[in-house]
Amino acid sequence: MLISFSVANYRSIKNKATLSLLPVKAFKELPENVFEANKKIELLNSAVIYGANASGKSNLVKAIEDFCNYVENSTDHKLNQPIKIYDPYLLDINTESSPSEFQFEFIGEDKIYYNYYVKFNAEKVIEETLNYNPKGQKVCLFTRKTDKSVKYNSVVRGERKSIEARLLRNQLFLTKAVNENITGLEYAYSFFTTKLTNIISYKYLLPFPFVSNYLAKFFTESNTDEVIKLHKLITSCDTGIVSFSADKINNENYTYDNIDISKTLNSEVIEKLKSEADFEFLTYHFLYDGNKKTEKTKIFRLERESSGTRSLFMLAFSIVDALENGGVFIIDEFEQNLHPLLVEKLIKLFHSPESNKQNAQLIFTTHNVNLMNNEIFRRDQIWFTEKDEKGETILYSMADIEGVRNNVPYDKWYMSGRFGATPMVNDLNVIYYNDGKKKK
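The structure reproduced in this document is the subject of the present report. (Residues numbered from 1 in each chain as written. Predicted model: local features only at pLDDT ≥ 70, side-chain atom pairs only at ≥ 80, totals over all residues. Heavy atoms only, no water.)

1. Re the sheet that holds strand β11 (residues 198-201)
Move 1: What the six strands build is an open sheet, ordered β11-β15-β16-β5-β17-β18; its pairing is mixed. Among the strands making up the open sheet, the edge pair consists of β11 and β18 (393-397). With direction set aside, neighbouring strand axes in the sheet form an average angle of 15°.
Move 2: Here four bridges tie strand β15 (residues 328-332) to strand β16 (residues 361-365), and the two strands are oriented parallel to one another. In the strand pairing of β16, Ile 330 is matched with Ile 363. (Pairing = 2+ DSSP bridges. Helix = DSSP H or I, 4+ residues; strand = E, 2+ residues; numbered from the N terminus. Axes fitted to C-alpha atoms, helices over the stretch in contact; angles between N-to-C directions.)

Here it is in structure tokens:
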């Protein structure tokens, strides 16, 4: 369970920005949106981020996604290879070559508090520290600084010195140690590799023919309870779909309906993906005889479904996985291709103790002001991103703004500019004469 995430000197984020899921104790609204993470810590089950286009919302999501990939794959870095995640703020000469900093506070599956901090530049990890709090006091599991030996706690056991000697400057000790059977760090590592992995950004999705294969594989690997819940979720969303399945495909003869993927990917990548595709996701719709529904069904390939239905499937698999296993689901632009009422319904799955028994969490960005509602979110769940005159992303919560009570119309106050984080739109008529003719 995520407590907070902080990042500095990454893309548009220059100074430290922190997204916290700790509730404000003085706020009493919507108690069902708060859960007990362990005996000492309560957490929020969701956070929503608003802001103008290009204000940095997507960069926050990408920062989490990039860091999780780094934790999982840092040992793939070869000698002297640049650290791929390094992407500093470029609009200040003092930061374009300065280190980036990432920090996560979280509750592991062992119900213990962890704090993981990493500081790095393009060439090397400058500092890496993992603390935890097993019995009410902070304990350092390990700390590592450039060109210095790693300091360990006795809880960390195994061939530590051997691993340390082979650890490259661009690799994370956490990754190296866990993958080489060092014990005592498993819960921290698994948080990034199993609990913080449901991250969706529509900007980076592959074409849907390949998503069909991804969904089909997910479907075949899911347990019975997950499939039943997925079926209930999809069929209750007015898609016309009555069932779905995964079908084995013949790669050589497989074609894609109505999608010219050659415009998106080069031929080499297409052939690689096709060779790896072994399943296809299929949907079933009732057939009608005039106005009469028959017992027969028609099979559709995923490409024939609407963009909204395809988006729903992508979301539904991750949502069910998070709710069943207690993960963190993060999505950029939640409202993409989906009706606002459907988005609200999906959000409330995380807010309901009945559907969210594993205390899954939802973090998402959106422009949908209809969701900025005191019947859906607490003030400490609503966040904003705003860029200053230097292009730097500033992150803040509605809870940070004085004078905002829980009975005010959040959406109207936001649209009127009282919370900031709205676009400054110049008069678009300046490119036209008054008579409507375009300026030359």
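2. Focus on unusual backbone geometry
Move 1: We note that Arg 11 has phi near 50°; this positive angle belongs to a residue other than glycine.
Move 2: Residue placement: Arg 11 occurs in the loop between β1 (2-8) and β2 (17-20).
Move 3: Looking at Arg 11, the relative accessible area reads 29%, which means it is partly exposed.
Move 4: Of note in the backbone geometry, Lys 111 takes a positive phi value of approximately 70° without being a glycine.
Move 5: Locating Lys 111 in the fold gives a position in the loop between β6 (100-107) and β7 (113-120).
Move 6: Owing to a relative accessible area of 43%, Lys 111 belongs among the partly exposed residues under this scheme. (Buried < 20%, exposed > 50% of the residue type's maximum accessible area, 1.4 Å probe, protein only.)

3. So, the packing of aromatic side chains
Move 1: The full count for this structure, using the stated rule, is 31 aromatic pairs.
Move 2: Here the aromatic rings of Phe 67 and Phe 102 are separated by 5.2 Å at their centres, their planes lie at 15°, and the arrangement is stacked. Of this pair, Phe 67 sits in helix α1 (residues 57-73) while Phe 102 is found in strand β6, placing the two residues 35 residues apart along the sequence. For the pair formed by Phe 67 and Phe 102, the shared burial category is buried.
Move 3: A ring pair is formed by Phe 106 and Tyr 114, whose centres lie 5.4 Å apart and whose planes are at 10°; its orientation type is stacked.
Move 4: Over the ring of Tyr 152 we find Arg 160; its NZ or CZ atom is 4.5 Å from the centre of that ring.
Move 5: Arg 379 extends its terminal NZ or CZ atom over the ring of Phe 27, reaching a point 3.7 Å from the ring centre. (Phe/Tyr/Trp six-rings, centres within 6.5 Å; stacked < 30°, edge-to-face > 60°. Lys NZ or Arg CZ within 6 Å of the ring centre and 35° of its normal.)

4. Notes on the pairing of strand β9 (residues 139-145)
Move 1: Note: strand β8 (residues 125-133) against β9, six bridges, orientation antiparallel. Bridge pairing in β9 links Glu 128 to Arg 144.
Move 2: Between β9 and the antiparallel strand that follows it, strand β10 (residues 151-152), lie five residues; Asp 147 among them carries a positive phi value of about 60°.

5. Some thoughts on the side chain of Arg 379
Move 1: Considering the arrangement of structural elements, one finds Arg 379 in the loop between β16 and β17 (382-387).
Move 2: The exposure class of Arg 379 is buried, given its relative accessible area of 11%.
Move 3: One polar contact links the side chain of Arg 379 to the main-chain carbonyl oxygen of Val 404, over a distance of 2.8 Å.
Move 4: For Arg 379, the residues in contact, after removing those within four places along its chain, are Phe 27, Glu 29, Ser 397, Met 398, Ala 399, Val 404, Arg 405, Asn 406 and Tyr 410. (Polar contact = N/O pair within 3.5 Å; in protein donor to acceptor, adjacent residues only side chain to side chain. Contact = heavy atoms within 4.5 Å.)

6. So, the sheet that holds strand β13 (residues 279-289)
Move 1: Sheet architecture is open: three strands sit in the order β12-β13-β14, paired in antiparallel fashion. Taken across any chain shown, the strands that pair with only one partner, and hence form the sheet edges, are β12 (243-248) and β14 (292-301). Taking the axes of each pair of neighbouring strands and ignoring which way they run, one obtains an average angle of 35° across the sheet.
Move 2: By the bridge criterion, seven bridges tie β13 to β14 in an arrangement that is antiparallel.

7. Brief notes about the pattern of salt bridges
Move 1: Scanning the model with the defined rule gives 13 salt bridges in all.
Move 2: Arg 144 is the salt-bridge partner of Glu 128, the closest N and O atoms lying 2.8 Å from each other. One end of the pair, Glu 128, is in strand β8; the other, Arg 144, is in strand β9, with 16 residues separating them in the sequence. For the residue pair Glu 128 and Arg 144, the accessibility class agrees, reading buried in each case.
Move 3: Within this structure, Arg 166, Lys 176 and Glu 180 form a network of salt bridges that share partners. (Salt bridge = Lys/Arg side-chain N within 4 Å of Asp/Glu carboxyl O.)

8. What to know about the pairing of β8
Every regular strand shows the same layout, with side chains that alternate between the two sheet faces.
Move 1: The pairing of β7 with β8 spans eight bridges and is classified as antiparallel. What sits directly across from Tyr 114, in β8, is Tyr 132.
Move 2: Connecting β7 to the next strand, β8, in antiparallel fashion are four residues.
Move 3: Where β8 hands over to β9, the hairpin turn is made up of five residues, of which Gly 136 adopts a positive phi near 90°.

9. Describing the packing of α1 against helix α4 (residues 186-195)
Move 1: One way to put it is that α1 packs onto α4 with a least axis distance of 9 Å and a crossing angle of 125°. Classed by the angle they form, the pair α1 and α4 counts as oblique. Helix-helix and strand crossings are classified by hand; for α1 and α4 the assignment is left-handed. In this structure, α1 uses Phe 67, Cys 68, Val 71 and Glu 72 to contact α4, whose residues at the interface are Tyr 189, Phe 192 and Thr 193.
Move 2: For the contact of α1 with α4, the class distribution of residues is five nonpolar, one polar and one charged. (Parallel < 35°, antiparallel > 145°, perpendicular 65-115°, else oblique. Left-handed = near helix turned anticlockwise from the far one by under 90°. Nonpolar A, V, L, I, M, F, W, Y, C, P; charged D, E, K, R; others polar.)

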